[in-house]
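# Structural overview for review
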Amino acid sequence: MSTGAPPLPPLPPRRARWPRPLLAGALAVAALTAAPSAGGAPADATPAAAGTARTETPMSSASPVAGVAETQVSLRIPLPASAGSHPAGCDRLSYLRYRSTDGPTASADADRVLVAQPGILEGAGAFDSVARNTVRAAADRGEHIEFWALDRRSNCLEDNTGIATGSVSRAVGYYYEGRRIDGRAFDGFLTSDQVGWLGEVGLEQTVRDQYDLLAAELPDQRLRKEKVLCGGHSLGGVLTGVFSTWDFDGDSATKADAGYNQCAGYFALDTTIAVNLDDLNGGSGTLDGGLLPRGTVPGTDLGYTVVQAGLRSGALPRFLALPAVINPEIMNLLAISGLAARTAPDALSTLQNALPANDNIETTTRTMFSKNAAVFLSGRPTIRDFRLTNEAVLGAFMDDNSAPLSFIQTSVGLFDGGRLADKDFPVSNDVQGSPALFGTEPKAIPDEPDGPLYTWRGFDRVGAPDDPVHRSADGTPFTTAAKEVSDIGELARSLSEQPLDLTEDYFPTKLVTDLALVDDARIARHMAHPEGPTARPVITFVAGDGILADRVPADRNPVVLPGYQHLDVLTAAPVQNDGSRERIATLLSAFGKRP
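What counts, and at which threshold
- Residues numbered from 1 in each chain as written.
- Predicted model: local features only at pLDDT ≥ 70, side-chain atom pairs only at ≥ 80, totals over all residues.
- Heavy atoms only, no water.
- pLDDT = per-residue confidence, 0-100.
- Contact = heavy atoms within 4.5 Å.
- Helix = DSSP H or I, 4+ residues; strand = E, 2+ residues; numbered from the N terminus.
- Buried < 20%, exposed > 50% of the residue type's maximum accessible area, 1.4 Å probe, protein only.
- Phe/Tyr/Trp six-rings, centres within 6.5 Å; stacked < 30°, edge-to-face > 60°.
- Lys NZ or Arg CZ within 6 Å of the ring centre and 35° of its normal.
- Disulfide = S-S within 2.5 Å.

For the protein chain, per-residue confidence averages 90 on the pLDDT scale, and 89% of positions sit at 70 or higher. A low-confidence stretch, residues 1-50 stays under pLDDT 50, and its non-local contacts, those more than four residues away or across chains, total 114 contacts.

Mapping Leu561 onto the fold places it in strand β14 (residues 558-561). Leu561 sits in the buried class, given a relative accessible area of 1%. For Leu561 and Ile584, which are 23 residues apart along the polypeptide, the C-alpha to C-alpha distance reads 8.5 Å. The residues touching Leu561, leaving out its near neighbours within four places in the chain, are Phe541, Val542, Ala543, Gly544, Val569, Arg583 and Ile584.

By convention here, two paired aromatic rings are described through the distance between centres and the angle between planes. The final tally for this structure, using the stated rule, is 14 aromatic pairs. Judged by centre distance (6.5 Å) and plane angle (65 degrees), the ring pair of Phe386 and Tyr454 falls under edge-to-face. Here Tyr454 lies in strand β12 (residues 453-458) and Phe386 lies in the loop between α13 (373-378) and β8 (387-388), a separation of 68 residues in the sequence. Each member of the pair, Phe386 together with Tyr454, is buried. Three or more aromatic residues joined by ring pairs form one cluster here, namely Tyr174, Tyr175, Phe186 and Phe189. The aromatic ring of Tyr211 is capped on one face by Arg224, whose charged end is 5.9 Å from the ring centroid. It is Arg366 that lies over the ring of Phe376; its NZ or CZ is 5.5 Å from the centre.

Summed over the entire model, instances satisfying the criterion amount to two disulfides. Residue Cys90 pairs covalently with Cys156 via a disulfide, S to S 1.9 Å. Here the S-S torsion is close to 90 degrees, and the disulfide linking Cys90 with Cys156 is therefore right-handed. One end of the pair, Cys90, is in the loop between β2 (68-76) and β3 (92-100); the other, Cys156, is in the loop between β5 (145-151) and α4 (161-164), and 66 residues separate them in sequence. What pairs with Cys230 in a disulfide is Cys263, and their sulfur atoms sit 2.1 Å apart. Disulfide Cys230-Cys263: torsion about the S-S bond near -90 degrees, hence left-handed. With Cys230 in strand β6 (residues 228-233) and Cys263 in the loop between α8 (235-245) and β7 (265-269), this residue pair connects regions lying 33 residues apart in the sequence.

Attention now moves to unusual backbone geometry. A cis amide bond, omega -5 degrees, links Arg380 with the succeeding residue Pro381. Here Pro381 shows up in the loop between α13 and β8. Along the chain, Phe425 connects to Pro426 via a cis peptide bond; the corresponding omega equals 5 degrees. Topologically, Pro426 is positioned in the loop between β10 (420-422) and α15 (435-438). Residues other than glycine seldom take positive phi values, yet Asp270 does so here, at roughly 50 degrees. Overall, the relative accessible area of 0% leaves Asp270 in the buried class. One non-glycine residue with positive phi stands out, namely Asp450, at about 55 degrees. Within the secondary structure, Asp450 sits in the loop between β11 (444-446) and β12. Accessibility expressed as a relative area gives 67% for Asp450, which makes it exposed.

The structure is reproduced here in structure tokens:
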């Protein structure tokens with residue numbers, strides 16, 4: 001296993017599941033009748049911004065990493081007319097730009113520019129920690145790099161007004177009580193029938209958006225080829241692989257426009273630079289039932305024509321959602337939970353009592369916070385029956401020793417302050433289950449309803465002299481210091497401080513159905529440069545407890561990170577428990593160093 005990197009080229013100076021027969025019949029009819037939908041969405045709330053070609057807005061942050069400047073960049077790059085009716089704000093592309101405060105102000109003058117595609121259900125804010133850590137690590141060596149965290153176009157549909165106030169009570173009032181903020185009212189979470197245009201946003205639009213943004217910000221293709229490192233997290237690695245093969249001018253004989261000629265190298269964060277989903281889900285070719293719960297992604301065995309007709313007609317959902325756990329409301333609630341943990345980490349949480357007891361929230365909290373199947377079915381005790389700090393609530397939803405789904409797991413510590421028990425739902429600690437879906441770490445849950453105040457023991461306090469070392473029923477500790485790498489405070493900040501947030505409420509279904517159908521001629525004809533994924537040097541960071549841990553890609557310059565979970569490659573603290581600098585920041589910045 002290598003921990004180095006090959007040299008880079010030198011620089012010049014919500015929905016119900018359909019019964020299968022019914023779905024097949026509906027799609028067959030749709031295939032004969034559907035045309036691109038003009039189905040709309042709510043009108044854009046900021047039409048003035050839509051007319052400004054480019055804006056760059058400085059961001060302030062409470063990040064402990066000094067010497068890094070952050071801005072939000074937004075460019076007007078309209079969707080094609082074929083996408084149909086859409087909000088004016090969706091004619092813009094945005095990213096978070098991180099650079100050294102001591103470095104050049106122009107991106108073209110930076111030593112390198114790292115451009116990152118987010119994973120599934122992720123926004124640009126997910127990269128906040130790894131971006132800051134990497135920029136700072138390079139600056140400490142005298143190198144000045146930039147890190148661009150891309151936001152997919154679909155994030156234009158999110159309304160983060162409530163989160164942006166910095167107040168939990170105002171956020172809850174805005175999203176659930178009809179309260180206005182600066183005269184604006186929340187219009188509700190969107191449904192599939194409101195976003196017909198999203199059925200046209202798949203692979204072609206996504207990679208085209210990255211190309212157009214790079215060309216607009218760095219017009220010199222030769223400079224892009226020499227300075228830009230392309231990469232991503234999770235699904236973002238596959239999108240980078242597809243991008244590398246894409247022919248953007250429609251003439252495969254010309255090479256300057258080829259995706260790989262926009263990049264000097266590639267980086268993969270718990271993923272691989274690939275053109276299919278095999279590595280993310282053990283070779284199955286789909287995320288459904290592996291990385292995501294079964295039923296999240298529609299089946300694609302009926303073929304491209306029928307699937308696309310289903311998206312256009314509305315027979316298939318235009319964004320990924322389930323009735324509970326995975327849907328826009330729950331993604332937004334993660335941000336509210338992060339806001340509570342950021343502003344009052346040690347305070348007794350009142351969020352659960354402030355939220356409405358609707359079916360979505362109730363089913364989600366029972367799924368996330370049930371000791372076993374009997375508790376889930378009975379609904380007693382509920383999360384409301386426990387006294388939890390705001391940090392403990394966030395840890396319950398996202399820590400690898402509590403959260404049931406691997407794609408949202410981080411290693412941020414463990415509950416403290418009271419007795420813990422094994423959490424045997426939705427899968428028992430005695431059964432390994434599906435590591436790609438549920439992760440590998442034993443799950444714990446508070447076991448004293450109406451009892452003590454459960455606090456959160458941060459990653460850097462696990463194993464400390466005052467640690468009671470909570471143990472599973474078999475006598476083994478739920479966690480150890482070696483398994484903890486991320487700061488829950490920084491996770492809370494990334495969820496709620498960023499103008500482009502960590503979560504993605506409306507992930508386009510077409511993006512994953514296109515990837516499952518990537519061999520169809522209507523997609524494959526654009527992927528005219530199959531040499532793309534191997535045409536440039538690559539570095540692959542593998543979370544030691546993540547989705548690739550049992551199949552480390554030995555041929556892709558892997559760096560295995562012990563104790564890391566799938567999200568830890570984005571959220572790991574700059575200084576680890578052993579006092580060492582975070583390894584991704586060190587090695588990724590070195591990968592982009594000047595010769």
